[in-house]
Amino acid sequence: MGEKKAKADFQEKEISSLMKKASSEVSKFHSNRIRGKQCLDPLYEAVRLYEKASLLAESAENQLAARKAFLQLGETLSELAESEALKTNQLENYKRSLTSCG
């Protein structure tokens, strides 16, 4: 019984650690965006970490942690899609301005 509890505690700590790292990556993305950098790598890393946390929580049958991780994963994917769309639009506008000037 003690071994099961120890394994559950370890999984819970691992899920928590992954969630914190992913949250840090999202914060890093926002900080970069404020400074004018358009790098999406932190969001991709956050998606990877949230996905890992959600799958670990789901396998551990920790429904609360799984729901939270999947929710964060969805929000991050949405933000990533929005950022990709904005970046694509900015690139298209830049290309149009280059062709109209030259």
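Before reading further, recall that the structure is shown in the block above.
Right, let's walk through the structure included here. (Residues numbered from 1 in each chain as written. Predicted model: local features only at pLDDT ≥ 70, side-chain atom pairs only at ≥ 80, totals over all residues. Heavy atoms only, no water.)

With respect to the environment of Met 19
- Among the secondary structure elements, Met 19 is positioned in helix 1 (residues 2-34).
- Separated by 49 residues in sequence, Met 19 and Lys 68 place their C-alpha atoms 9.3 Å apart.
- Discounting residues that sit within four places of it in the chain, Met 19 has contacts with Tyr 50, Ala 53, Lys 68, Ala 69 and Gln 72. (Helix = DSSP H or I, 4+ residues; strand = E, 2+ residues; numbered from the N terminus. Contact = heavy atoms within 4.5 Å.)

Concerning the pattern of salt bridges
- If you walk through the whole model with that rule in mind, you get three salt bridges.
- Measuring nitrogen to oxygen at the nearest pair gives 3.4 Å for the salt bridge that ties Lys 5 to Asp 9. Residue Lys 5 and its partner Asp 9 are located together in helix 1, separated by four residues, close to a single helical turn.
- Residue classification places Lys 5 among the exposed residues on the basis of a relative accessible area of 54%.
- With relative accessibility at 31%, the residue Asp 9 sits in the partly exposed group.
- Close ionic contact of Glu 45 with Arg 48 constitutes a salt bridge, the shortest N to O distance being 2.6 Å. Of the two residues, Glu 45 and Arg 48 are both situated in helix 2 (residues 41-59); the distance of three residues between them amounts to about one turn of the helix.
- For Glu 45, a relative accessible area of 27% translates into the label partly exposed.
- By relative accessible area, which is 42% here, Arg 48 ends up partly exposed. (Salt bridge = Lys/Arg side-chain N within 4 Å of Asp/Glu carboxyl O. Buried < 20%, exposed > 50% of the residue type's maximum accessible area, 1.4 Å probe, protein only.)

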